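Spelled out from the first residue to the last, the chains are:
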Amino acid sequence: MNVFHFFLQHHEEILELTMEHLWLVGISTLLAVLIGIPLGIVSAHWPVWNKPVLGTANIIQTIPSLALFGFLLPVPWIGARADRLAILALTLYALLPVIRNTYTGIRGVDPSVVEAGRGMGLTGRQLLFQVELPLAVSVILSGIRVAVVVSVGLATIAAAIGAGGLGEFIFRGLAMVNNQLILAGAVPAAVLALSADFGLGWLERRLQPR
Amino acid sequence: MQTISTNGPVIEFRDVLYMLPNGQMLLQSLNLQVQRGETLVLLGRSGSGKTTTLKLINRLLNPSGGEVRVNGAPTAESDVIRLRRSIGYVIQDVGLFPHFTVERNIGLVPRIEGWSSDRIHSRVEELLQMVGLDREIASRYPHQLSGGQRQRVGVARALAADPSILLMDEPFGALDALTRDQLQREFLSLQQRLNKTVVFVTHDLREALRLGSRIALMEAGRLVTVLPPQDFLRSTDSLAAAYVQAFGEGLNSVATRGSE
Ligand SMILES: Nc1ncnc2c1ncn2[C@@H]1O[C@H](COP(=O)(O)OP(=O)(O)OP(=O)(O)O)[C@@H](O)[C@H]1O
Ligand SMILES: [Mg+2]
């Protein structure tokens, strides 16, 4: 039985696990964006926050993923369900690129442009939403792109704690020494990662300020 | 237009000093008055404190001592956003918003002040004409303009909400002599019509003599002297004299170059 045949036969399950995978990655990226962008803005505007915020995100990044799942297991509510646990872990990993690129993007805005805006009487909020964020948007997006691509790979490990996703195939395949099963998980994951990379990269170039 | 007070100076520095957090003194005992409708030129070499002085007026910087008054009221007590919107500011590096078209750059303050889009649109056209730019430029982005066009847009943007005070930090710097000359001429005719209170920064004596109703000479964070252009040329102050002399030598050396 060749791989193609196998994929055809199991297409329903592959589709289902791919959707599960997308859900894990999508929700965790969304959370990382909602938390990471404000943290990036704070550290760009108030230098005292820069070291603690980026430092913490950096440290989280260095924790091996299985160990992180282990650490989070005893946390109430979170530890009660595998998908919550996986989403939290993926969110934590995705934070660093989002925070770092938001910080870099805002810091990279031409100081004379910011000064002109302040001198014209823009409020801090107007300056942020009309000048700083629009000019930083492509850098921030490239951080999100990195976060998504990394999450797609990391999310396969979530199957180890029973959170589902394409990792199911991979772990099953490893246990049964079945390459076709492994490929059934790895190929869709690679496709997901590549399309996210391509799609977000395209958006990034579209939104590049001149 | 607001008419808060009276016949007093529009801008006044009272014993102002400005110090960096590390204690370095950038400006000391600065006393200066700018009258309604005049063009006061801040002249001085690079690093003498001209930009710092300008930024103290719209509170991009706050004095470490003394006070700055605008229309009679200490700036420290005024609403900083209102203050800045009532003062047009042309910054040294132009600082156009690269992600906005020329039209949006110029119309930004009117827009956040809640003008209707029709009114903004006609105001932008009026301003473009005023600074000598073609109206088809309105839809371009700053990177599609020449340096001189960018500086004109910078001036138009500062004039957008019709402020009575205008701060201009080397607005015609980095331009060729002919374009500069043309912009200076346009500035003079514009100023005749609009009658703003202008503080104009330059390090070019010729520009100062041509545009200023008075020239304030700065050196190393101090105000050396304030004189009308004619008196400046005859000043016995050593620094002013040095400026005039260097200016004259520049002309002379050209005249005598061939004969040596
Ligand atoms: N934030 C700052 N930190 C340290 N030094 C500063 C700061 N701002 C200004 N200075 C210094 O203060 C002095 C005056 O600066 P300022 O910008 O007012 O000069 P300027 O007269 O406008 O010069 P130029 O003609 O070159 O624009 C300079 O020596 C400058 O290096
Ligand atoms: Mg300067």
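Heads up: these notes are all about the structure in this document. Note that the structure is predicted; figures quoted are calculated from it, not measured. (Residues numbered from 1 in each chain as written. Chains lettered and ligands numbered in written order. Predicted model: local features only at pLDDT ≥ 70, side-chain atom pairs only at ≥ 80, totals over all residues. Heavy atoms only, no water.)

## Section: the interface of chain A and chain B
At step 1: In this assembly, 18 residues from chain A lie in contact with 26 residues from chain B.
At step 2: Carbon and sulfur atoms supply 65% of the area buried between chain A and chain B, which totals about 1,900 Å² over both sides.
At step 3: Of the charged contacts in the structure, one is a salt bridge between A:Glu115 and B:Lys55, with a shortest N-O distance of 2.8 Å.
At step 4: If you look at where chain A meets chain B, you find 5 residue pairs in polar contact (both at pLDDT 80 or more). (Contact = heavy atoms within 4.5 Å. Buried area = accessible area lost by both parts, 1.4 Å probe. Salt bridge = Lys/Arg side-chain N within 4 Å of Asp/Glu carboxyl O. Polar contact = N/O pair within 3.5 Å; in protein donor to acceptor, adjacent residues only side chain to side chain.)

## Structural notes on the coordination of the magnesium ion (ligand 2)
Residue and element names in this part refer to chain B.
At step 1: Of the protein atoms, only Thr51 (OG1) and Gln92 (OE1) coordinate the magnesium ion (ligand 2), at distances of 1.9 to 2.4 Å. Of this pair, Thr51 sits in helix α1 (residues 50-57) while Gln92 sits in the loop between β6 (87-90) and α3 (102-112), and the two are 41 residues apart along the sequence.
At step 2: With relative accessibility at 36%, the residue Gln92 sits in the partly exposed group. (Donors = N, O, S within 2.8 Å, 3.2 Å for Na, K, Ca; no water. Helix = DSSP H or I, 4+ residues; strand = E, 2+ residues; numbered from the N terminus. Buried < 20%, exposed > 50% of the residue type's maximum accessible area, 1.4 Å probe, protein only.)

## Overview of the environment of A:Ala147
All names here are of chain A.
At step 1: Mapped onto the fold, Ala147 is located in helix α7 (residues 124-154).
At step 2: Judged by relative accessible area, Ala147 falls into the buried class, the value being 2%.
At step 3: The sequence separation of Ala147 and Asp197 amounts to 50 residues, and the corresponding C-alpha distance is 9.9 Å.
At step 4: Residues contacting Ala147, with those up to four places away along its chain left out, are Ala94, Pro97 and Val98.

## A closer look at the pairing of strand β7 (residues 165-169) of chain B
Residues and elements named next belong to chain B.
At step 1: Along β7, 5 of the 5 residues are buried, which leaves the element largely enclosed by surrounding structure.
At step 2: Relative to β7, β6 runs parallel, the two being bridged by 4 bridges. When the bridges of β7 are listed, Gly88 appears paired with Leu166.
At step 3: Pairing analysis gives 5 bridges linking β7 to strand β8 (residues 197-202), with the strands arranged parallel. Following the sheet pairing, Met168 is matched in β8 by Phe200.
At step 4: Tracing the backbone out of β7, into helix α6 (residues 177-194) and back to the parallel element β8 gives a crossover that is right-handed. (Pairing = 2+ DSSP bridges. Right-handed = clockwise from strand over helix to strand, strands pointing away.)

## Re the nonpolar core
All names here are of chain A.
At step 1: Membership of the largest hydrophobic core comes to 54 residues, with the highest contact counts inside it found for Ile106, Ile144, Val148, Val152 and Phe169.
At step 2: Looking at this core, the elements with two or more residues in it are α2 (11-45), α3 (47-62), α4 (65-72), α5 (82-107), α7 and α9 (179-207).
At step 3: Counting residues per element, this core draws most heavily on α5, which supplies 14 residues.
At step 4: Those residues in contact with Phe169 that lie beyond four places of it in its chain are Glu13, Ile14, Leu17, Leu181, Ile182, Ala184 and Gly185. (Core = buried A, V, L, I, M, F, W, Y, C linked by side-chain atoms within 4.5 Å.)

## Focus on the sheet that holds strand β1 (residues 11-19) of chain B
Residue and element names in this part refer to chain B.
At step 1: Spatially, β2-β1-β4-β5 is the arrangement adopted by the 4 strands of the open sheet, whose pairing is antiparallel. Sheet topology places β2 (25-34) and β5 (73-74) at the edges, where each strand pairs with a single neighbour.
At step 2: Contacts from α1 reach β1, β2 and β4 (65-70) within the one sheet, and its direction differs from that of β1 by about 120°. (Axes fitted to C-alpha atoms, helices over the stretch in contact; angles between N-to-C directions.)

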